[in-house]
Amino acid sequence: MDNLLFSANIVAPIFLLIALGYLLTCVKAWDAGFLKIANSLSFKLFFPVLLFYNISHADFYEIFDFRFLLFLILFISAVVALSLLIVPFTVKNNRRRGVIIQALFRGNFLLLGLPLCQGMFGDAGAAAASVTAAIVVPYFNVLATILLSVYGGEKIERPVL
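Reading the values: rules and limits
Residues numbered from 1 in each chain as written. Predicted model: local features only at pLDDT ≥ 70, side-chain atom pairs only at ≥ 80, totals over all residues. Heavy atoms only, no water. Phe/Tyr/Trp six-rings, centres within 6.5 Å; stacked < 30°, edge-to-face > 60°. Helix = DSSP H or I, 4+ residues; strand = E, 2+ residues; numbered from the N terminus. Patch = residues over 30% accessible without salt bridge, like charges linked within 9 Å, V, L, I, M, F, W, Y side chains within 5 Å. Areas by Shrake-Rupley, 256 points an atom, 1.4 Å probe, with all protein chains shown as cover. Salt bridge = Lys/Arg side-chain N within 4 Å of Asp/Glu carboxyl O. Buried < 20%, exposed > 50% of the residue type's maximum accessible area, 1.4 Å probe, protein only. Expected span 1.5 Å × (residues − 1). Bend = angle between axes of the 7 residues up to and from the residue. Contact = heavy atoms within 4.5 Å.

Asker: So, the packing of aromatic side chains: which residues are in play, and what are the values?
Answerer: On inspection of all chains with the given rule, the structure shows four aromatic pairs. Geometrically, the ring pair formed by Phe71 and Phe75 is stacked, given 5.9 Å between the ring centres and 25° between the ring planes. Taken together, the residues Phe71 and Phe75, both in helix H4 (residues 66-90) and four residues apart, mark about one turn of the helix.

Here's what the structure looks like:
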C-alpha cells in the first residue's frame, strides 16, 4: 500500500496539471496562437535551461553511467530495427510508415520522464534524467530525420560541394 501511495503522489500532480490544461483549453482560456508560442517557448528555452541547470548542479561523474546510456542506445536501435521489420507488413501506405516507426520509439521523455525522475529520486534523479536526455533526444532526432526522409516519398538531393 505504501508503494501505491508513493506512486500516486508522484504521478497524480503530473496528470492533474494535464487535466487542468485540458480544462482551460475547453473553456477557451487561451487561443491557438498562445498555445503555439507557449509550446515553442517551452521546448526552445525552458527545457534546455532546465536540463542545463540540472546537469550543472550535479556531480557529473556520480550520475554519468556509460553502460546505462549504451544500453539505451542499443535498446532504441533494437526497437527501430524491429519496427522496420514489422511496420511494412501492417502499414500499407509507405508515407505513413516513417511516422508510425517514429511513434513507436520516440516518447515524451522530457514531458513525463523528467518530472517522474525528479519526484522519485529528487535532484539526483532529475540530473541523471537530464544527462540521459542530452544523449537520447539527439539520437531520437537523428533517427526520426532518417526515417521520415526515407519514407517521406521525396527524393533527397545531395549537396554540391
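Text resumes after the structure shown.
Asker: Outline a nonpolar patch on the surface, supporting the account with residue identities and numerical values.
Answerer: Taken together, the side chains of Val11, Phe15, Ile18, Phe43, Leu111 and Leu112 define a hydrophobic patch exposed on the protein surface, amounting to about 500 Å² of accessible area. Elements with a contribution of two residues or more to the nonpolar patch: helix H1 (2-26) and helix H6 (109-151). Structurally, Phe15 can be placed in helix H1. A relative accessible area of 49% means that Phe15 is categorised as partly exposed.

Asker: Can you break down H4 residue by residue, with the values?
Answerer: Spanning 25 residues, H4 covers 36 Å between terminal C-alpha atoms, matching the ideal 36 Å at 1.5 Å per step. Where H4 bends most, the angle comes to about 30°, and this point is Leu84, followed within four residues by the proline Pro88. Those residues of H4 that sit buried are Leu69, Leu72, Ile76, Val80, Ser83 and Val87. Of the surrounding secondary structure, the elements contacted by the buried residues of H4 are helix H5 (94-105) and H6.

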